[in-house]
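# Fold and geometry: a report
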Amino acid sequence: MPLGLSSRHVPSQAHVTFRWLNVGLTVVGVCQEETDRTGTMATPGGNQDADKSAASFKAFLMKNSTESNTNLYDHLTRVLMRVMDERPHNAVDVIEDLSRDVKRGLLQENQDNQSTLRDHQPTTTAGQLLAEQQRLLFSPGQETEEDEVEVETLLPNVAEIGFYLEQAGVGLGREETQRIFLALKQLLHSKPLKHCRLWGKILGVQSNYVVAEVQYREGEEEQLSTEDEEKEGETQDDEEEDEMGEVIDPLPRSTYKPPPVVPKEANGTGANKFVYFVCKEPGLPWIELPSVTPAQISAARQIRRFFTGRLDAPVVSYPPFPGNEANYLRAQIARISAGTQVSPNGFYVFEEEEGDEEDEEPRDSYVVNPDFEGFPASEMAEDPGFTWVHHVQHILKQGRCTWVNVAVKPEQESSEEEEEEKEEPDEPEPKREWGPPLLTSLSQDADMFDTPPWSARMSSTLTSQHAVAVLRSNFWPGAHAYACGKKFENIYIGWGLKFAGDGHTPSVPPPPQQECISGPEVSEALDPTLEEEQAQKAALEEQQASQEESEDMDGEEEEEEDDED
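Rules used throughout
- Residues numbered from 1 in each chain as written.
- Predicted model: local features only at pLDDT ≥ 70, side-chain atom pairs only at ≥ 80, totals over all residues.
- Heavy atoms only, no water.
- Helix = DSSP H or I, 4+ residues; strand = E, 2+ residues; numbered from the N terminus.
- Buried < 20%, exposed > 50% of the residue type's maximum accessible area, 1.4 Å probe, protein only.
- Polar contact = N/O pair within 3.5 Å; in protein donor to acceptor, adjacent residues only side chain to side chain.
- Phe/Tyr/Trp six-rings, centres within 6.5 Å; stacked < 30°, edge-to-face > 60°.
- Core = buried A, V, L, I, M, F, W, Y, C linked by side-chain atoms within 4.5 Å.
- Contact = heavy atoms within 4.5 Å.
- Pairing = 2+ DSSP bridges.

Now for the side chain of His-75. Secondary-structure assignment places His-75 in helix H2 (residues 72-86). The buried category is assigned to His-75, whose relative accessible area is 12%. A distance of 2.7 Å separates the side chain of His-75 from the side chain of Ser-99, its partner in a polar contact.

Given below as structure tokens:
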């Protein structure tokens with residue numbers, strides 16, 4: 001009986017003889033059943049050199065693995081016995097599957113042994129963990145029919161959007177799109193929202209962010225703004241307490257005055273018009289991002305940093321960023337939205353307002369045009385500069401969508417209105433910034449690094465009558481828009497970084513502070529001589545004596561007045 005075959009695997013009246021033919025690096029095993037009454041294996045050949053090479057190769061096959069504690073000889077023996085028992089059709093085509101099944105059988109018999117089999121699955125697979133996390137998405141809720149109808153009205157048709165994005169060559173895939181659709185439905189059930197849509201997906205080093213753009217109902221937004229103001233008031237009170245504690249500090253204070261802080265825009269206006277929720281995977285809880293400030297937008301324009309996937313991660317950069325990754329993510333979302341959110345020309349129109357048509361403040365609202373008929377896809381792809389417009393406000397260099405004069409405080413504005421004559425300020429007032437108004441065509445966008453801002457194409461040139469017009473941003477790689485008749489949508493799937501040309505140039509540190517101006521109060525004086533010290537001492541004594549005499553005279557006059565009374 002050959003080594004590696006036990007009596008339970010091989011009949012007692014048969015044995016398997018392996019004849020090993022060494023042809024280069026290929027070894028062919030020939031199996032033959034024959035009767036052997038003596039119970040010994042017959043010699044394959046009479047050549048002693050061939051026997052030695054066969055024995056050496058057999059010893060190599062019987063060498064145990066350091067990881068699985070099994071050898072190739074026993075494994076081949078079990079596989080051949082499996083072939084002899086089952087006699088499969090086209091055995092050469094299923095030999096790999098038989099080998100895999102034999103290894104799995106050994107793993108089931110020896111549960112204590114560890115195996116390095118690549119396709120060995122753990123007890124809890126990644127699919128099972130993901131299914132457990134997303135189980136609530138597929139479970140029916142306890143909402144009433146009215147709530148269900150309201151949610152379905154507010155919920156966008158993500159399946160339709162995913163279909164058009166698939167035609168455009170972008171998107172997240174059908175399965176992930178469906179999971180995100182259910183996650184958005186869960187968000188609408190948990191928050192009082194009047195608008196909800198899929199903004200996109202920002203990729204990170206450790207995990208990604210699925211971003212949802214929402215708007216709260218009237219009244220709920222005011223409650224959030226009051227909570228934010230209370231938090232800001234608490235921080236200002238803490239700063240004032242710190243300043244009061246530093247009053248007794250005898251050390252000299254710096255005369256440097258920081259630039260005035262640009263106030264952030266109120267919720268529901270400007271860069272804070274929408275609220276954004278993020279989650280790492282559909283089924284995980286949605287997390288609301290904080291409001292963005294002008295300082296965060298200005299700092300985000302000067303740095304380039306990949307997202308880690310952790311909202312509480314610090315942002316280590318120069319210039320320093322005022323906040324953590326959640327604030328940096330919110331600032332990048334505001335920048336991407338302002339630069340890439342577009343719509344077909346004529347889909348939105350301004351409301352007709354009574355009064356002066358020429359208003360200094362730019363308009364910040366619009367309505368859907370009911371008479372919009374749409375453009376052919378070929379026209380939108382050939383002439384994107386005039387068939388597409390921006391429908392999100394431009395962010396100024398100040399970090400706001402609407403300019404504010406930080407040199408004038410709100411308390412001073414009321415007093416200045418009452419006064420007819422205004423005093424000339426010590427410092428010149430900052431120059432007012434103007435940006436492109438809403439619904440500006442893409443033809444007004446300037447090139448950057450000799451690169452056009454947009455690239456347009458059709459989803460298919462073979463079936464142009466059913467094609468979709470696709471618009472891609474070259475300044476924000478990952479931003480796409482499509483239009484088909486009266487339907488359009490914007491989405492961003494990328495790393496959240498702007499196109500930087502040949503390379504990113506970090507900000508230069510500020511110039512060093514100038515040396516202190518030399519003067520008598522800071523210059524070192526010569527030590528006085530002995531005669532000068534004595535003269536100064538005598539002058540001080542005379543001054544003290546005269547003060548004492550004047551005090552005595554004043555005391556006598558007061559006593560005389562008291563005696564007369």
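What follows covers the packing of aromatic side chains. Enumeration according to the criterion identifies 16 aromatic pairs in this entry. With a centroid separation of 4.5 Å and 50° between ring planes, the pair formed by Tyr-348 and Tyr-366 is classed as tilted. You can see Tyr-348 sitting in strand S10 (residues 348-349) and its partner Tyr-366 sitting in the loop between S10 and strand S11 (367-368), a full 18 residues away along the chain. Residues Tyr-348 and Tyr-366 agree in their burial class; the two are buried.

By size, the foremost hydrophobic cluster in this structure holds 33 residues, and its most contacted members are Trp-199, Ile-202, Tyr-209, Leu-289, Tyr-328, Leu-329 and Ile-333. Taken together, the elements giving at least two residues each to this core come down to strand S5 (193-202), strand S6 (209-216), strand S7 (275-279), helix H10 (294-300) and helix H11 (325-340). Sort the elements by how many residues they give to this core and H11 lands first, with 8 residues. Look past the residues within four positions of Ile-202 in its chain and what remains in contact with it is Asn-208, Tyr-209, Phe-307, Leu-329, Ile-333, Tyr-492, Gly-494, Trp-495 and Gly-496. Of all hydrophobic cores here, the second largest spans 30 residues; its members include Ile-161, Ala-183, Tyr-482 and Ile-491.

Burial of strand S14 (residues 469-473) is extensive: 4 of the 5 residues sit out of reach of the surface. Across 5 bridges, the pairing between strand S13 (residues 454-458) and S14 is antiparallel. Its bridge partner lying in S14, Arg-457 is registered against Val-470. Relative to strand S15 (residues 479-484), S14 runs antiparallel, the two sharing 4 bridges.

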